[in-house]
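Geometric and topological summary
The chain contents come next:
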Amino acid sequence: MRREVILITGANGEIGHGLITQIHKENRARVVALDLKPLDDCLMPYCERFIVGDILDKMLLGRLIAEYEITSIFHLASILSTKAEYNPEAAHEINVEGTINLLRLGVELSQWQGKPVKFIYPSSIAVYGLPNIESKRSSGKVREDQFCSPNTMYGCNKIYCENLGRYYSKHYRQLAKDPVKNTVDFRCLRFPGLVSAETIPTGGTSDFGPEMLHYAAQNVPYDCFVREDTRIPFMAMPDAIKALLMLEAAPMANLTQTSYNVTSFSPTAAEIEQYVRKAFPEAQINYAVHPQRQTIVDSWPADVDDSPARKDWNWEPDYDMRKAFEEYLIPAIRNRYSSSSC
Ligand code: SER
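Structure report, in brief. As the structure is a prediction and not an experimental result, all values here were calculated from the model.

Regarding the overall build of the chain
The secondary structure content of the chain amounts to 12 helices and 13 strands. For the chain, whose C-alpha radius of gyration is 20 Å, the value lies close to the compact-globule estimate of 20 Å for 342 residues. Along the longest, intermediate and shortest principal axes, the C-alpha atoms of the chain span 65 × 45 × 40 Å. In the chain, which comprises 342 residues, the share counted as buried stands at 56%. For the chain, restricting intrachain contacts to residue pairs at least 6 apart in sequence, the fraction spanning at least 24 positions comes to 78%. Roughly 15,200 Å² of accessible area belongs to the chain as shown, and the carbon and sulfur atoms make up 50% of that amount. Charged side chains of the chain number 37 positive and 43 negative; the gap between the two group centres comes to 5 Å.

As for the pairing of strand E5 (residues 118-124)
Most of E5 is tucked away: 6 of the 7 residues are buried. Bridging between strand E4 (residues 68-75) and E5 involves 3 bridges; their strand directions are parallel. By the bridge assignment for E5, Ile73 is matched with Phe119. Relative to strand E7 (residues 185-191), E5 is paired through 7 bridges, and the arrangement is parallel.

Let's talk about the side chain of Asp207
Within the fold, Asp207 resides in the loop between strand E8 (193-195) and helix H7 (208-217). Although Asp207 lies buried, it forms no salt bridge, and the closest oppositely charged side chain, Arg293, sits 4.7 Å away as judged by the N-O distance. Apart from the residues lying within four places of it in its own chain, the contact partners of Asp207 are Pro201, Thr202, Tyr222 and Phe225.

A few points about the nonpolar core
If you look at the biggest cluster of nonpolar residues, it comprises 112 residues, and the most contacted ones within it are Ile8, Phe191, Phe208, Phe280 and Trp313. Dropping the residues within four chain positions of it, Phe280 is found in contact with Leu213, Ala216, Ala217, Ile330, Ile333 and Arg334.

Here we look at the pattern of salt bridges
Once their charged atoms are close, side chains differing in charge can pair, the charge on each being opposite to the other. Enumeration over the complete set of coordinates arrives at 23 salt bridges. Notably, a salt bridge pairs Glu162 with Arg190, separated by 2.7 Å at the nearest N-O pair. Taken as a pair, Glu162 in helix H6 (residues 153-170) and Arg190 in strand E7 lie far apart in primary sequence, 28 residues in all. Arg190 shares its class with Glu162; the two are buried. With its nearest N and O atoms 3.5 Å apart, the salt bridge here joins Arg322 to Glu327.

Concerning helix H10 (residues 291-298)
Of all the positions in H10, only Arg293, Gln294, Ile296, Val297 and Asp298 are classed as buried. Those residues of H10 hidden inside the fold are in contact with helix H3 (81-86), helix H5 (133-138) and H7.

A closer look at the pairing of E4
For E4, the buried fraction is high: 7 of the 8 residues fall into the buried class. Where strand E1 (residues 3-9) and E4 come together, 7 bridges link them in parallel fashion. Along E4, the bridge assignment pairs Thr9 with His75.

The rules behind the values
- Residues numbered from 1 in each chain as written.
- Predicted model: local features only at pLDDT ≥ 70, side-chain atom pairs only at ≥ 80, totals over all residues.
- Heavy atoms only, no water.
- Helix = DSSP H or I, 4+ residues; strand = E, 2+ residues; numbered from the N terminus.
- Rg over C-alpha atoms; globule rule 2.2 N^0.38 Å.
- Buried < 20%, exposed > 50% of the residue type's maximum accessible area, 1.4 Å probe, protein only.
- Contact = heavy atoms within 4.5 Å.
- Areas by Shrake-Rupley, 256 points an atom, 1.4 Å probe, with all protein chains shown as cover.
- Lys, Arg positive; Asp, Glu negative; His and termini not counted.
- Charge placed at Lys NZ, Arg CZ, Asp CG, Glu CD.
- Pairing = 2+ DSSP bridges.
- Salt bridge = Lys/Arg side-chain N within 4 Å of Asp/Glu carboxyl O.
- Core = buried A, V, L, I, M, F, W, Y, C linked by side-chain atoms within 4.5 Å.

Structural data, given as structure tokens:
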């Protein structure tokens, strides 16, 4: 009999770490994890199987159909916004072609298994493209349907994949003589910048938040690449994991849209610095603005409206900014840099 599992792509990334650990803690499901790079040793015992592989490898994905009963796919693999600007076509390949491959796998699994496979997709505040700083200041909490004209390759990829997900789940092969009976059940979260105590992001433009903290904790000087007054929404990693698992568990009948904003707190870079300095008074933080990265962050909203998520599936973050720093980030980060644990 095929083993019932969930599939996590990009397993070795920031969200993957948190998700695999939480699924293990809750004894929620068996995990098949996929990543281009070998999985961190500390996550290995939490996985039924780890595959070093590429989401562009269709043969590899196809083999999973025969081996496993996959009930949910958490498709986390992607190239983040700053890195994507250095090689937009490569980013498109991973972010879009990779996602199509996974959606196609989801459809085949759903048909094979006779019921929709849940497809949980993390999108981002990068889907927004506010035209200028004045509209960023005046637009308040941005809704899912506003300002969806991103200025980055990553943002373009994310908004397109949101649409692909909606297409694959609701309209796939709509003119075929034998319409597809079971297709993916696509559910998407638009994350703000994420801050984890355990991992440091690579290649994102919201990285100034987590970098400021991790550099200070290691007593390494940090040049923040955005202005002190730069404001975007952030969320502590445990809340991001909670949101993914809540959305996965939500009854389909309650969902009124396929993409949901989720958020927690919206500090300026200077407010993040204050919290970092409170914990690490010796922190060496300077501002050396990178004009293009600043422009990207200026096109992202200062805050987002997550009321549909609150209404449809009872979303509520556990961590406001004070609690995130004092009860999660600072204690866990002190522990991280004083021990070799992962
Ligand atoms: N963290 C992402 C990035 O900076 C945005 O969601 O690319």
